Amino acid sequence: MSSPPASEQQPPRGITLGRAAGLGALTSLSAVVVALIRSKASAVYLGPEGVGVAAELQQIAALATVPLGALVGPALLTALAKEQREDGPRRAIAAALGWLVVLGLLASAVAVGGLFYTLPATWSSGLRPLLALACLTLTLAAASNVGLGSLTFDQALTTTARLQITTGLLTALLVAGATAAAGLVGQFLAAALAGALSLALVLRAARRATRWPSPLQPRLDRGYLRHALQLGATSLVAALALQGALFALRARLEQTGGPSANGQFQAAWAVGAAYLGVVLAGMGSFVFPRYAKAKGAAELQVQLDEAGRFVLRLAPPVVFLAIGFADLGLRVMYSHRFDAALGVLKWQFAGDVAKCLAWVYAGPLLYRGKLRLYVVTEALASLALGLGSWLLIPEQGLAGTGLAYFLTYVGYLALTAAVARARLEVQPRPRHLALAALATLLALGLSWAGHTLAARAAAVALALAWGWRSGLGPQLSALVRARRRRGAA
């Protein structure tokens, strides 16, 4: 590799790694607050049916705009790193913006002109402008990510964090206020307006702090497009597979339960994503970059074992607590009108330990160059989720989506462990798989125990016992001390 991952680089300009981590934690906390404000406003003023309609429209927009993700992120950062000419970074930024405009317009045309017809015939054609606004919002967000990416490349971490917090809160407040005032239409209009205002703030900061094109002149550089598609092909296929699975799942829910069923699923999906990000963010920050740096199978085995221990110390206690307080969390983020989502969450939570450990084994496929295998495993998981939901929803109702999720990630763990053993010459430890199975069984038991005071006490007790027995406390303390030493170095 020509340069270490961004998370492993030493930030200049007096920004220590400890401070960088603190900024990241602050940004993550603000994102939780933003999600809470938006979800609460939707729950109060739209209800399950309105949340379901919004979710289906946004799902179509997300599916149509998947290719935009290839133009930012790693593609932009590597292009900025490779450009040695004085105007090179400006050319890369201008090319990313130019292709975003083109692909954003194309995605909107595909969504409004084609994918809209996958919605029920009874839905009003007046929803088409809302779908166009959803595509516009995602395109504006991708353009903002170009500016944030250029700031990240120049290690303007404080500016980046401040912008993410400011624009996130701005968006949440505008969307919440507009939803209260004008319902679904207000929500989509405010999201697009907030996207435009956020982009303006990001552009202003990026032009001051980085080598941003001035005047702003987007350009269609075919070399950059080829570079972005080649580099992002793996993540693009994986993202398309997941969005396609969610699209099929939502279509089945619409057939059997209408928009209200989709609203309940959206609430469960949002709650699950909010808490599981704690574990997966830790993997992205501390585990995955080490896979890329490992020299040979022996060193990779060491990193794999360490990652497995890390996940099995952290994930089960978090999952147990999430199960014990799922009803409270759901009502904080949404309301009692979304209690049907608990039938999905009890299965989702039970499958999350397997999902986290599966990422331990899937990560090396991506970071060690086994891209085709990574795409195949991700596509199979998405296919299982979509097909499983399609088959189970008619029999199990809304809970069928949660059951499909559980079966998918238990199977995904077995698949990724087998592939890692066969193609990476590493050995998934039987002890780790056994602990994952035990944690999954305990999670299933807690999920079916309900939400009584005794069940909450059992969840807390299990979380504390698991954390104490696995040495979670000392590990977290050692991690904090190590980060402080590296930050002071």
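Residues numbered from 1 in each chain as written. Predicted model: local features only at pLDDT ≥ 70, side-chain atom pairs only at ≥ 80, totals over all residues. Heavy atoms only, no water.

## Describing the overall build of the protein
For the protein, the count of helices and strands is 15 helices and zero strands. The 489 residues of the protein split such that 51% are buried. Across the protein, contacts joining residues at least 24 apart in sequence account for 82% of those joining residues at least 6 apart. Element-wise, carbon and sulfur atoms account for 65% of the exposed surface of the protein, whose accessible area totals about 21,800 Å². (Helix = DSSP H or I, 4+ residues; strand = E, 2+ residues; numbered from the N terminus. Buried < 20%, exposed > 50% of the residue type's maximum accessible area, 1.4 Å probe, protein only. Contact = heavy atoms within 4.5 Å. Areas by Shrake-Rupley, 256 points an atom, 1.4 Å probe, with all protein chains shown as cover.)

## What to know about the environment of R128
Looking at the element boundaries, R128 is found in helix α5 (residues 128-153). Separated by 16 residues in sequence, R128 and V112 have C-alpha atoms that sit 6.1 Å apart. Among residues more than four places away in sequence, those in contact with R128 are V112, F116 and Y117.

## Let's talk about helix α9 (residues 326-333)
For α9, the complete set of buried residues consists of A326, D327, L330 and M333. Angular distribution of buried residues about the axis of α9 spans 135 degrees; they occupy a single face of the element. (Arc of directions from axis to C-beta.)

## Details of the packing of aromatic side chains
Counted according to the given criterion, the structure contains nine aromatic pairs. When the ring of W269 is compared with that of Y405, the centres are 6.2 Å apart and the planes differ by 90 degrees; the resulting orientation is edge-to-face. Residue W269 is found in helix α7 (residues 222-293), and its partner Y405 is found in helix α12 (residues 399-423); the two are separated by 136 residues along the sequence. Look at W269 and you get partly exposed, because its relative accessible area is 23%. Between the aromatic rings of Y334 and F338, the centroid separation amounts to 5.0 Å while the plane-to-plane angle is 45 degrees, which identifies the pairing as tilted. The exposure class assigned to Y334 is buried, which follows from its relative accessible area of 5%. Of the residues examined, F338 reaches a relative accessible area of 0% and is grouped as buried. (Phe/Tyr/Trp six-rings, centres within 6.5 Å; stacked < 30°, edge-to-face > 60°.)

## Things to note about the pattern of salt bridges
All chains considered together, the criterion is met by three salt bridges. Close ionic contact of D327 with R456 constitutes a salt bridge, the shortest N to O distance being 2.8 Å. Taken as a pair, D327 in helix α9 and R456 in helix α14 (residues 453-470) lie far apart in primary sequence, 129 residues in all. Notably, a salt bridge pairs R331 with D339, separated by 2.7 Å at the nearest N-O pair. Classification of D339 by relative accessible area gives partly exposed; the value is 24%. (Salt bridge = Lys/Arg side-chain N within 4 Å of Asp/Glu carboxyl O.)

## Quick notes on α14
Here α14 spans 26 Å end to end across 18 residues, near enough to the 26 Å set by a 1.5 Å rise per residue. Burial in α14 covers these residues: A455, R456, A459, A463, W466, G467 and S470. Each buried residue of α14 sits inside an arc of 105 degrees when the element is viewed along its axis, so together they form one side. Residues of α14 that are exposed and point over 90 degrees away from its buried face: L453, A454, L464, W468 and R469. Directly after α14, the chain includes G471, whose backbone phi takes a positive value near 75 degrees. (Expected span 1.5 Å × (residues − 1).)

## Describing the environment of A172
Note on placement: A172 falls in helix α6 (residues 157-209). Classification of A172 by relative accessible area gives buried; the value is 0%. Along the sequence, A172 and A191 sit 19 residues apart, while their C-alpha atoms lie 8.5 Å from each other. With residues up to four places along the chain from it excluded, the contact list for A172 reads V34, I37 and R38.

## Concerning the side chain of H227
Turning to its location among the elements, H227 is positioned in helix α7. Apart from the residues lying within four places of it in its own chain, the contact partners of H227 are A75, T78, A79 and K82.

## Quick look at the packing of helix α8 (residues 296-324) against helix α10 (residues 342-367)
The N-to-C vectors of α8 and α10 enclose an angle of 165 degrees; their axes lie 9 Å apart at closest approach. Considered as vectors, α8 and α10 are oriented roughly antiparallel to each other. Considering how the two elements wind past one another, α8 and α10 form a crossing that is right-handed. Touching L300, L304, A307, G308, V311, L312, A315, P316, V319, A322 and I323 of α8 are F349, D352, V353, C356, L357, V360, Y361 and P364, all from α10. (Axes fitted to C-alpha atoms, helices over the stretch in contact; angles between N-to-C directions. Parallel < 35°, antiparallel > 145°, perpendicular 65-115°, else oblique. Left-handed = near helix turned anticlockwise from the far one by under 90°.)

## Digging into unusual backbone geometry
Within the chain, E425 stands out as a residue other than glycine whose phi angle is a positive 60 degrees. With respect to the element layout, E425 can be found in the loop between α12 and α13 (430-448). For E425, a relative accessible area of 63% gives the class exposed.

## Topic: the side chain of T160
One can find T160 in helix α6. Residue contacts for T160: discarding those within four places in its chain leaves L148, L151 and T152.

Any functional reading would require information that these geometric values do not contain.
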